[in-house]
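Residues per chain are reported as follows:
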Amino acid sequence: MTGNRISGPLHDVAGEAGHDDHPPRVGFFTDTSVCIGCKACEVACKEWNAVPEDGLDMLGMSYDNTGSLGANSWRHVAFIEQPRSTGRQDPGFLGLPTGPTGTSIMAEAVGPRLRDSERGGSELGTGPLDAPKAESEHPVQELGMPAFARPGDATGAEGRTDFRWLMASDVCKHCTHAGCLDVCPTGALFRTEFGTVVVQQDICNGCGYCVSGCPYGVIDRRPHDGRAQKCTLCYDRLHGGLEPACAKACPTDSIQFGELDELRERADRRLAQLHELGVGEARLYGRDPDDGVGGDGAFFLLLDEPEVYGLPPDPVVPTRDAPSMWRRAGAAAAAFALAGVGAFVSAAIGARR
Amino acid sequence: MTEREGTSHSDTERVGEAAAQAENRDIDQRVAPPAEPPEQSSEEGSIGREAQLFQGSGLGRRRRRGGRGRGEPTVVPDAEFRSYYGRPVLKAPVWEWKIAAYLFAGGLAAGSSVVAAGADLTGRPALRRAGWLGSFAALLASLYFLVSDLGRPERFHHMLRVLKPTSPMSVGTWILSVFGPGVGAAAVRELVPRRWRRTWPARLLDRLARPLGLSAAVTAPGVASYTAVLLSHTAVPGWNEVRDELPFVFAGSAAASGGGFGMLCAPVEEAAPARVFAAVGAAGELLAAKRMEQRMGLIGEVYRHGKVHRLRRASEVLTLAGLAGTVLVAGRSRSGAAASGLALLAGSALQRFGVFEAGMESTKDPRYVVVPQRERLAAREARAAVAPPDPG
Ligand code: SF4
Ligand code: SF4
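Bear in mind the structure is a predicted one, so any value in this text is a computation, not a measurement. (Residues numbered from 1 in each chain as written. Chains lettered and ligands numbered in written order. Predicted model: local features only at pLDDT ≥ 70, side-chain atom pairs only at ≥ 80, totals over all residues. Heavy atoms only, no water.)

Novice: Talk me through the packing of helix α13 (residues 306–328) of chain B against helix α14 (residues 334–363) of chain B; I want residue IDs and the actual numbers.
Specialist: All names here are of chain B. It is at 7 Å that the axes of α13 and α14 come closest, and there the two elements cross at 155°. With respect to α14, the element α13 is oriented roughly antiparallel. Seen along the crossing, α13 lies across α14 with a hand that is left-handed. Among the residues forming the contact of α13 with α14, the class breakdown is twelve nonpolar, ten polar and four charged. (Axes fitted to C-alpha atoms, helices over the stretch in contact; angles between N-to-C directions. Helix = DSSP H or I, 4+ residues; strand = E, 2+ residues; numbered from the N terminus. Parallel < 35°, antiparallel > 145°, perpendicular 65-115°, else oblique. Left-handed = near helix turned anticlockwise from the far one by under 90°. Nonpolar A, V, L, I, M, F, W, Y, C, P; charged D, E, K, R; others polar.)

The following block contains the structure:
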């Protein structure tokens, strides 16, 4: 199948990239409804890929001390506390002294720090979040030590809330139309025979274009190394017939690895099952080949809107608009040339008079 | 901007106060019903706090900004915006100020080369000399900016491994590779000392300088406008959403700086074409920038506030002044021409820094990613509800 080379559904990504005889496209289906937030995936990834340590700091974002995906975090487990239950699930708090979560305090403490930190928090997880620069203007509270009182002890039953904890292991989406790959001027980023997107470390010259080309904010340049880094979907393990380290380590099978077509079917079945169980808020993210990036190679089952997990709700590969952008640039170039020629012609006419 | 700081101050006071009363607030919060209507979220009271948390980002300061900005209505109710601890969705570009400086230097190199080639063809030696030397210096500066901003500068030549039409940086590299040698040859010829003029290499260079210089001038429009695509062909909202107008802003800016440089360095009698080129460029840049500002959606907030606003306002004032000076005095007074030229150069530079900064800013707040995408989704759903897609 040809066509849709720059956006839209594209079934044979590896073939389109020039791999003639290639294995089927593989990917991840991350079912966040069974994630327990153990971070085994993060650890396994770091171990296998020798991804450097990026700061052992408390970020004040629930149990998330990784912060975000980045050059030194290729898996990132998000933690979101919410005062509601999932589907008809009984959180088991009935009669227990539970109160609302502390997330509001966390968000208030983290917000100003994020904005004052380097690159607006893009390097979150690669260092501690410093106290905001202008201390007088942004007095930020410390979260302090945990109190000994049980949460909710001081209030009556009427003030108690439901509670659920969303956890999701995020990763590079290995997009069908990958913004990072499209803009890479050196060819360091390439499409593998498995349909995944990988940086060749011996080619990358650290121009940083991919960092701005990715609509998910995944890839980043590693400080002191200068090259772009992201999940390779364990390209080396795939060659050896092994599944990626994160999927191997995941104890609940929240991260499922396999052939993309099969994963999509499996995800559809799981979604139907959850809807049947009354979890109406369950949805698939990145599953649809008609979306702005032609569907993700790594897609998700989420229990809330994508932005709650820090994911863009409707990402689009910038390349989609490339033809129109070049047309506009061509028109501007023509106007520029006309102005140049016109300047000398008009000066000649003016001088003759 | 005092207004903004004022807001943030009161906002953070709220945080500080909250810190002091963390204990009390915990109790307050428990009174909050879990399904608080979203409108409550922007209220200062602690009742809406929990709701705000799950509806909004908890970044009250930013969120309220939507209602300001010359009193235009908020595009979308703030409460619909949710995020992960206010963390940015996108990565801020890793590029430094050098890339903004490159945008200016590249534009200047392109604009000057057109002036120089024209001067060469129409017998204006001083303007030609100034143009080629200015273009060459600007080109060398832009190469320095580009290479030194790489994470691995010693690998800059890896750009020449491939030509990728989907990568504006790759396309631009090749445009520059065609542009550069012509400018270099023409400029070096200007630098040959008198006593070497009669040697055979100098005479060969003499012969080649004009065609090579012309080849550079033919490539110059590409150099002047591709940088707009370079920025817009990203996920960065501040650059991507102005993609229709930015090429015209940048091309105009390049012409204004090229013409302005000619006015600054060449005598008034020779500089007439530089004045026309500069004036047309400046007027084009101003018009395109106005149109860009008018057509901006939510991202206009970034362009209308703080450093971005100050840079671009200064650029507008300088470009306007330079344009007025070019039309009114630059044809009569040498010093007037120099002053107008300088104003145009400064205006062009500030425009580039302003646009560059707008992109950086726009990635730091998830709002500029999430809200427009939500609107897009809502519009698509509305369309789908009206006209169900035909099953073909
Ligand atoms: S565009 Fe981003 S999410 Fe997609 S493959 Fe590249 S780095 Fe991964
Ligand atoms: S930083 Fe490396 S991988 Fe990224 S676009 Fe530049 S050369 Fe390609």
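Still more ground to cover, so stick around.
Novice: Break down the interface of chain A and chain B for me, with residues and values.
Specialist: Across the contact, 105 residues belong to chain A and 96 residues belong to chain B. Of the roughly 8,600 Å² buried where chain A meets chain B, counting both sides, 61% is carbon and sulfur surface. Counting every contact that joins chain A to chain B gives seven salt bridges. Between Arg-82 of chain B and Asp-304 of chain A there is a salt bridge; the shortest N-O distance is 2.9 Å. At the surface where chain A touches chain B, the tally comes to 35 residue pairs in polar contact (both at pLDDT 80 or more). Put simply, the parts of the chain that give the side of chain A that touches chain B at least two residues each are β2 (75–82), α3 (103–116), α4 (179–183), α5 (209–213), β6 (220–221) and α9 (322–352) of chain A. No other element matches α9 of chain A, which puts 16 residues into the side of chain A that touches chain B. Residues of the side of chain A that touches chain B, tallied by class, amount to 53 nonpolar, 34 polar and 18 charged. (Contact = heavy atoms within 4.5 Å. Buried area = accessible area lost by both parts, 1.4 Å probe. Salt bridge = Lys/Arg side-chain N within 4 Å of Asp/Glu carboxyl O. Polar contact = N/O pair within 3.5 Å; in protein donor to acceptor, adjacent residues only side chain to side chain.)

Novice: Give a description of the state of the cysteines that names residues and reports values.
Specialist: Tallied over the full model, the rule gives zero disulfides over all chains. Unpaired in terms of disulfides, Cys-38 of chain A finds its nearest cysteine sulfur in Cys-250 of chain A, a separation of 6.3 Å. (Disulfide = S-S within 2.5 Å.)

Novice: Mind laying out the sheet that holds strand β8 (residues 255–259) of chain A, listing which residues take part and the relevant values?
Specialist: All names here are of chain A. One open sheet accounts for four strands, arranged β8-β1-β10-β9; its pairing is mixed. Lying at the two open borders of the sheet, with one neighbouring strand each, are β8 and β9 (283–285). Adjacent strand axes in the sheet meet at a mean angle of 20° when their direction is disregarded. As judged from the three bridges shared by β9 and strand β10 (residues 298–302), these two strands associate in the antiparallel manner. Residue Leu-284 lies in a different strand from β10, and its bridge partner there is Leu-301. Lying over the sheet, helix α8 (residues 260–276) contacts β1 (26–31), β8, β9 and β10, oriented at roughly 135° with respect to β8. (Pairing = 2+ DSSP bridges.)

Novice: So, the site of ligand 1: which residues are in play, and what are the values?
Specialist: In the region of ligand 1, 13 residues are neighbours, and Cys-172, Lys-173, Cys-175, Cys-180 and Cys-214 of chain A sit closest. Classifying every residue of the shell around ligand 1 gives nine nonpolar, two polar and two charged. (Near = heavy atom within 4 Å.)

Novice: How would you explain the packing of helix α5 (residues 97–121) of chain B against helix α6 (residues 125–148) of chain B if you had to name every residue and give the values?
Specialist: Residues and elements named next belong to chain B. Where α5 contacts α6, the two axes come as close as 7 Å, and the packing angle between them is 155°. As far as their axial angle goes, α6 and α5 are roughly antiparallel. Here the hand of the crossing between α5 and α6 comes out left-handed. By residue class, the composition of the contact of α5 with α6 is 19 nonpolar, eight polar and three charged.

Novice: Residue-level account of the environment of Ala-267 of chain A, with values.
Specialist: Residues and elements named next belong to chain A. Tracing the backbone through its elements, the reader meets Ala-267 in helix α8. Residue classification places Ala-267 among the buried positions, given a relative accessible area of 0%. Sequence separation between Ala-267 and Asp-31 is 236 residues; the distance between their C-alpha atoms is 8.0 Å. Once you skip the residues sitting within four places of it in the chain, Ala-267 turns out to touch Phe-29, Leu-284 and Phe-299. (Buried < 20%, exposed > 50% of the residue type's maximum accessible area, 1.4 Å probe, protein only.)

Novice: Lay out the site of ligand 2 in plain terms, naming residues and giving numbers.
Specialist: Taken together, Cys-184, Pro-185, Thr-186, Leu-189, Val-199, Cys-204, Asn-205, Gly-206, Cys-207, Gly-208, Cys-210 and Ala-228 of chain A are the residues near ligand 2. Here the residues of the shell around ligand 2 sort into eight nonpolar, four polar and no charged.

Novice: How would you sum up the pattern of salt bridges? Please name residues and give values.
Specialist: For the structure shown, the criterion picks out 29 salt bridges over all chains. The salt bridge involving Asp-225 of chain A is made with Arg-152 of chain B; its shortest N-O contact spans 3.5 Å. Of this pair, Asp-225 of chain A sits in the loop between β6 and β7 (228–229) while Arg-152 of chain B sits in the loop between α6 and α7 (168–191), which puts the two residues in different chains. Of the two residues examined, Asp-225 of chain A and Arg-152 of chain B, each falls in the buried class. With a shortest N-O distance of 2.7 Å, Arg-367 of chain B and Glu-301 of chain B are connected by a salt bridge. Taken together, the residues Arg-367 of chain B in helix α15 (residues 367–386) and Glu-301 of chain B in helix α12 (residues 300–303) connect sequence positions 66 residues apart.

Novice: Tell me about the side chain of His-305 of chain B, and please be specific about residues and values.
Specialist: Residue placement: His-305 of chain B occurs in the loop between α12 and α13. At a separation of 2.7 Å, a polar atom in the side chain of His-305 of chain B contacts the main-chain carbonyl oxygen of Glu-301 of chain B.

Novice: Just give me the short version of the environment of Ser-85 of chain A, but keep the residues and values in it.
Specialist: Checked against the element boundaries, Ser-85 of chain A lands in the loop between β2 and α3. The exposure class of Ser-85 of chain A is buried, given its relative accessible area of 16%.

Novice: How would you explain unusual backbone geometry if you had to name every residue and give the values?
Specialist: Residues and elements named next belong to chain A. Its identity is not glycine, yet Lys-39 carries a phi of approximately 65°, on the positive side. Tracing the sequence through the fold places Lys-39 in the loop between β1 and α2 (40–49). The phi torsion at Ser-62 lies on the positive side, around 50°, for a residue other than glycine. In this structure, Ser-62 sits in the loop between α2 and β2.

Novice: Hey, could you go over the side chain of Thr-234 of chain B for me, with residue numbers and the actual values?
Specialist: Here Thr-234 of chain B is to be found in the loop between α8 (200–232) and α9 (237–240). Separated by 2.7 Å, the side chain of Thr-234 of chain B and the backbone oxygen of Leu-231 of chain B make a polar contact. Discounting chain neighbours no more than four positions away, the residues touching Thr-234 of chain B are Tyr-209, Ser-212, Gly-213 and Pro-318 of chain A together with Trp-239 and Asn-240 of chain B.

Novice: I'd love a proper account of a nonpolar patch on the surface, names of residues and values included.
Specialist: Residue and element names in this part refer to chain B. Taken together, the side chains of Trp-200, Leu-204, Leu-208 and Leu-212 present a nonpolar region at the surface, about 410 Å² in accessible area. Relative to the elements of secondary structure, Leu-204 occurs in helix α8. Accessibility expressed as a relative area gives 45% for Leu-204, which makes it partly exposed. (Patch = residues over 30% accessible without salt bridge, like charges linked within 9 Å, V, L, I, M, F, W, Y side chains within 5 Å. Areas by Shrake-Rupley, 256 points an atom, 1.4 Å probe, with all protein chains shown as cover.)

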